[in-house]
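Spelled out from the first residue to the last, the chains are:
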Amino acid sequence: MNRSVLVGAGIVVAAAALLAFLFLRDEAPAPGEGDGLREITFVTDWKAQAEQGGFYQAKAMGFYEEAGLDVTIRQGGPGVNVPQLIAAGAVDMGMGSNSFIPLNTIAAGAKMKAVMASFQKDPQVLITHPRADVQSIADMKGKPIMVSDATISAFWIWLRAKYGFEDTQIRKYTFNLAPFLSDPEAIQQGYLSSEPYLIERQGGFEPQVFLLSDYGYPGYGAFVLAPDSLIEEEPEVVQAFVDATIKGWISYLYDDPAPGNALILEDNPEMSEDVLAQAVEKLQAYGIVDSGETAELGIGAMSDKRWKEFFELMAREGVYDPALNYKEAYTLHFINNGYGLDYQRGLGE
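These numbers come from a predicted model, not from an experiment.

### A few points about the packing of helix α9 (residues 195-203) against helix α13 (residues 273-285)
As a packed pair, α9 and α13 sit with axes 10 Å apart at the nearest point and diverge in direction by 130°. When the axis of α9 is compared with that of α13, the two are oblique. Considering the relative orientation of α9 and α13, their crossing is right-handed. Residue-level contacts link Pro196, Tyr197 and Arg201 of α9 to Asp274, Val275, Gln278 and Lys282 of α13.

What follows is the structure in structure tokens.
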């Protein structure tokens, strides 16, 4: 999936307000809708898909309403800048794709934080044809790799630092699979639940897939971003949204995802049931949402240790000023309390 990795040098509120107006003018809720509930508009980072399943499931199952919220989910897509929409006040909360997004927003002077991480593992992968000479990411050193322009300023930095990759290996990835399919020596980036499945379907073979997070890449993914104003003035609203979303993810992964998928298909008719099914399977199999610290802390968990590791790596490589107060990019206040674990255990009984 083609997600934006970097936000840009600054957030211009006037431009953001215009963008927000164009984005929302035809989609405003009817007056009086959701009476008695706190209305919340949440914008995702891309078109509706399984990677947002917990949010859609929470909406479909009524978890948001049970928490006192009337949540409207707006799907993102090309040209939709989530931090700009939040900064302009056009939406209440939004989805940040990866760990760069919260850090970039505070570096640009925006006042918002990540309040939960839906993904414990960033789903970015490197993909090869079946081949004996590449059995790990380390084996790719010195070999041509197709990556997008945005990736060069993102996880490629980690690959250089950890594995000694060099920029001379870079070949341009345009999100077209044809060059990869036609070249048995090709290596390219991808998204766990997207390109590998398309390669199987179009190429007729099972590619080798290397999930960066399984090799130590420290980034989280699929954050819930909330403005500082909402966090400070209505923390109970943020907590309600986080708790209901956690419950939504548990239901989506461990119960029946059909209710959430129905809303996803309604929002994004280009999506298909087979793509959703394989994506859910991969979210489960690779522990994208539920792994590591979530066993004790609950889904949505984050830690100071991992944020520190990510920031210091990127600061050493020149992405951020080492003096940047990276802790302004997130808060642990609404998570790490084990919420949802009893519900999750109950689904397995």
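Structure shown, so let's carry the discussion forward.
### Quick look at the pairing of strand β5 (residues 124-128)
Judged by how many residues are buried, β5 sits mostly within the fold: five of five residues are covered. Side-chain alternation along β5 places Gln124, Leu126 and Thr128 on one buried face and Val125 and Ile127 on a second face that is also buried. With five bridges connecting them, β5 and strand β8 (residues 187-191) associate as antiparallel partners. Following the sheet pairing, Leu126 is matched in β8 by Gln189. Inspection of the sheet shows β5 paired to strand β9 (residues 208-211) by four bridges, in the antiparallel sense. Bridge pairing in β9 links Val125 to Leu211.

### Some points on the packing of aromatic side chains
Taken as a whole and judged by the stated rule, the model has 22 aromatic pairs. Relative to Phe175, the ring of Tyr173 lies with its centre 4.8 Å away and its plane at 45°, an arrangement referred to as tilted. Arranged with centres 4.9 Å apart and planes meeting at 5°, the rings of Trp307 and Tyr330 form a pair that is stacked. Of this pair, Trp307 sits in helix α15 (residues 304-316) while Tyr330 sits in the loop between α15 and α16 (341-347), and the two are 23 residues apart along the sequence. Given a relative accessible area of 4%, Tyr330 falls into the buried group.

### A word on α15
For α15, built from 13 residues, the straight-helix expectation of 18 Å at 1.5 Å per residue is met to within 8% by its first-to-last C-alpha distance of 18 Å. Buried residues along α15 sit in contact with α5 (100-107), β4 (112-119), α7 (155-163) and β10 (221-227). Trailing α15 by a residue or two, Gly318 shows a phi angle of about 90°, which is positive.

### Concerning the packing of helix α11 (residues 235-254) against α13
Packing of α11 against α13 leaves a shortest axis separation of 10 Å and a crossing angle of 110°. For the element pair α11 / α13, the angle class is roughly perpendicular. For the pair formed by α11 and α13, the contact residues are Trp249, Tyr252 and Leu253 on the first element and Leu276, Val280, Leu283 and Gln284 on the second. Across the contact of α11 with α13, the residue classes tally to six nonpolar, one polar and no charged.

### Re the sheet that holds strand β1 (residues 38-43)
Pairing within the open sheet is mixed, and its five strands lie in the order β2-β1-β3-β10-β4. Two strands in the sheet have a free side with no partner beyond their single neighbour: β2 (69-74) and β4. Shown here is a sheet whose adjacent strand axes are inclined to one another by a mean of 30°, direction ignored. Its contacts with the sheet place helix α2 (residues 53-60) against β1, β2, β3 (93-98), β4 and β10, and it is angled at close to 140° to β2. Packing of α5 onto the sheet brings it into contact with β3, β4 and β10, and relative to β3 it is tilted by some 115°.

### Regarding the side chain of Gln189
Mapped onto the fold, Gln189 is located in strand β8. Residue Gln189 is classed as buried on the basis of its relative accessible area of 5%. A distance of 2.8 Å separates polar atoms of two side chains, one belonging to Gln189 and the other to Thr151.

### Quick word on the pairing of β8
Taken across its five residues, β8 has five buried, putting it largely inside the fold. Of the two faces of β8, the one carrying Ile187, Gln189 and Tyr191 and the one carrying Gln188 and Gly190 are both buried.

### Considerations on α9
Those residues of α9 not exposed but buried are Glu195, Pro196, Tyr197 and Ile199. Here the buried face of α9 lies against β5, α8 (178-181), β8, β9 and α13. A positive backbone phi angle near 75° is found at Gly204, which sits one or two residues after α9.

### Regarding the environment of Glu270
In this structure, Glu270 sits in the loop between α12 (258-267) and α13. Separated by 223 residues in sequence, Glu270 and Lys47 place their C-alpha atoms 9.3 Å apart.

### Quick notes on the environment of Ala161
Tracing the sequence through the fold places Ala161 in helix α7. Overall, Ala161 belongs to the partly exposed group, its relative accessible area being 39%. For the pair Ala161 and Glu317, spaced 156 residues apart in sequence, the C-alpha to C-alpha distance is 7.9 Å.

Definitions and cut-offs
Residues numbered from 1 in each chain as written. Predicted model: local features only at pLDDT ≥ 70, side-chain atom pairs only at ≥ 80, totals over all residues. Heavy atoms only, no water. Axes fitted to C-alpha atoms, helices over the stretch in contact; angles between N-to-C directions. Helix = DSSP H or I, 4+ residues; strand = E, 2+ residues; numbered from the N terminus. Parallel < 35°, antiparallel > 145°, perpendicular 65-115°, else oblique. Left-handed = near helix turned anticlockwise from the far one by under 90°. Contact = heavy atoms within 4.5 Å. Buried < 20%, exposed > 50% of the residue type's maximum accessible area, 1.4 Å probe, protein only. Pairing = 2+ DSSP bridges. Phe/Tyr/Trp six-rings, centres within 6.5 Å; stacked < 30°, edge-to-face > 60°. Expected span 1.5 Å × (residues − 1). Nonpolar A, V, L, I, M, F, W, Y, C, P; charged D, E, K, R; others polar. Polar contact = N/O pair within 3.5 Å; in protein donor to acceptor, adjacent residues only side chain to side chain.

Geometric values such as these leave the question of function open.
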